[in-house]
Amino acid sequence: SNDARRPKNEQHLKKLLSSVMVRNRRSDVNIRFPARKSAIYHLELTDKEQQLYDEVSNYIRHEFKTQTKHQYHLLSLTTLQKELCSSSRAVKDTLGKMAARDQYPDITRGRLRSFIALADDICTNRKIEALGEILASFPGKFLVFTEFLHTMHFIQEHLEARDIRTQIFHGSMDLLQRRDAIRNFTRDVRVLISTQTGGEGFNLQFCHQLVNYDLPWNPMMVEQRIGRLHRLGQEHDVAIFNLSIRNTIESHVLDLLARKI
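The rules behind these values
- Residues numbered from 1 in each chain as written.
- Predicted model: local features only at pLDDT ≥ 70, side-chain atom pairs only at ≥ 80, totals over all residues.
- Heavy atoms only, no water.
- Helix = DSSP H or I, 4+ residues; strand = E, 2+ residues; numbered from the N terminus.
- Buried < 20%, exposed > 50% of the residue type's maximum accessible area, 1.4 Å probe, protein only.
- Areas by Shrake-Rupley, 256 points an atom, 1.4 Å probe, with all protein chains shown as cover.
- Pairing = 2+ DSSP bridges.
- Axes fitted to C-alpha atoms, helices over the stretch in contact; angles between N-to-C directions.
- pLDDT = per-residue confidence, 0-100.
- Salt bridge = Lys/Arg side-chain N within 4 Å of Asp/Glu carboxyl O.
- Contact = heavy atoms within 4.5 Å.
- Phe/Tyr/Trp six-rings, centres within 6.5 Å; stacked < 30°, edge-to-face > 60°.

## Description of the overall build of the chain
In terms of regular secondary structure, the chain is built from eleven helices and six strands. Looking at the chain as a whole, 43% of its 261 residues qualify as buried. Accessible area of the chain: about 14700 Å², with a carbon and sulfur share of 49%.

Here it is in structure tokens:
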């Protein structure tokens, strides 16, 4: 049978293709990717942080659903818990938006405002202390990833107060702002603090240390973060520091990631 897609002179075609197609394995061209080294920092929340985490979790699971009759349950408990693990600043913003909703009963809005007062009373965040410890122990530049814009600004304020030069990087910045941010990082900025969307499409081979301040659910997102540093042109082994709060949704996320990876 005649097949129109089959070449008439297969040998001649192979010879022509071989003159323009070159396939090299990495081993053939002596490309060596540096190693990856990762560590998990299992952290305990401070007493006030743990109190806020437990009280908000219990309230949303039980009373909130009853008071609002489920119909206004727009924000998942999961998101609130992830914010509670990230920073009091992040969860306070969300609680404030919820407390401002007219459709919630007064008892609900009052309770949400009481949690905002608890968040305001938190002076020490365990994660920011852990980040400070890492920066004090390991010299050089760092890329820090967070899931939340409010946490990004919170980290920047704390590090700048400790005389550590920082630069923020997020998805709302235009191309010019992004280029300026990267240029600053290549020069005298020590820590680039980025959200996930900010982390797409830029290469930072001159930095070899990364902190996952918050862990995303998706292992591919973790891989994308690491790929900003662990790529062709990287001359050092890449060190990855993962922060995880014990007995919270974050330790559950870590288990999921470990199983998927």
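Moving on, there is more to tell.
## A look at unusual backbone geometry
In this structure, Asp-163 takes a positive phi of about 65 degrees despite not being glycine. Relative to the helices and strands, Asp-163 resides in the loop between helix H8 (149-161) and strand E3 (166-169). Relative accessible area serves as the criterion here: at 73%, Asp-163 is assigned to the exposed category. Here Asn-247, not a glycine, exhibits a phi torsion of approximately 55 degrees, which is positive. Along the chain, the position of Asn-247 falls in the loop between strand E6 (238-245) and helix H11 (249-260). The class of Asn-247 is exposed, set by a relative accessible area of 65%.

## Concerning the sheet that holds strand E1 (residues 36-43)
Here six strands make up an open sheet; going across it, the order is E1-E6-E5-E2-E4-E3 and the pairing parallel. The open sheet has two edge strands, E1 and E3, and neither has a second partner. Strand-to-strand twist in this sheet, taken as the mean axis angle between neighbours without regard to direction, amounts to 20 degrees. Here E1 runs beside E6; their pairing, made up of eight bridges, is parallel. By the bridge assignment, Ser-38 is partnered in E6 with Ile-240.

## Remarks on the confidence of the model for the chain
Overall, the prediction assigns the chain a mean pLDDT of 86, with 87% of residues at 70 or greater. Within the chain, the lowest mean pLDDT, 70, falls on helix H1 (residues 10-20), and the highest, 97, falls on H8.

## Digging into the pattern of salt bridges
Under the criterion given, the structure shown has 17 salt bridges. Between Lys-82 and Glu-147 there is a salt bridge; the shortest N-O distance is 3.4 Å. You can see Lys-82 sitting in helix H4 (residues 77-86) and its partner Glu-147 sitting in the loop between strand E2 (142-146) and H8, a full 65 residues away along the chain. According to the relative accessible area criterion, Lys-82 is buried, its value standing at 15%. Look at Glu-147 and you get partly exposed, because its relative accessible area is 24%. With a closest N to O distance of 2.7 Å, Lys-127 and Glu-250 form a salt bridge.

## So, the environment of Arg-89
Mapping Arg-89 onto the fold places it in helix H5 (residues 88-99). When the C-alpha atoms of Arg-89 and His-153 are compared, they prove to be 9.1 Å apart, with 64 residues separating the residues in sequence. Not counting chain neighbours up to four residues away, the residues in contact with Arg-89 comprise His-150, His-153, Phe-154 and Glu-157.

## Some remarks on the packing of aromatic side chains
Scanning the model with the defined rule gives seven aromatic pairs in all. By the ring-pair criterion, three or more aromatic residues cluster together here, those being Tyr-41, Phe-138, Phe-142 and Phe-241.

## Thoughts on the environment of Phe-154
Relative to the helices and strands, Phe-154 resides in helix H8. When residues no more than four places from it in sequence are discounted, the contact partners of Phe-154 are Ser-87, Arg-89, Asn-125, Ile-128 and Tyr-213.

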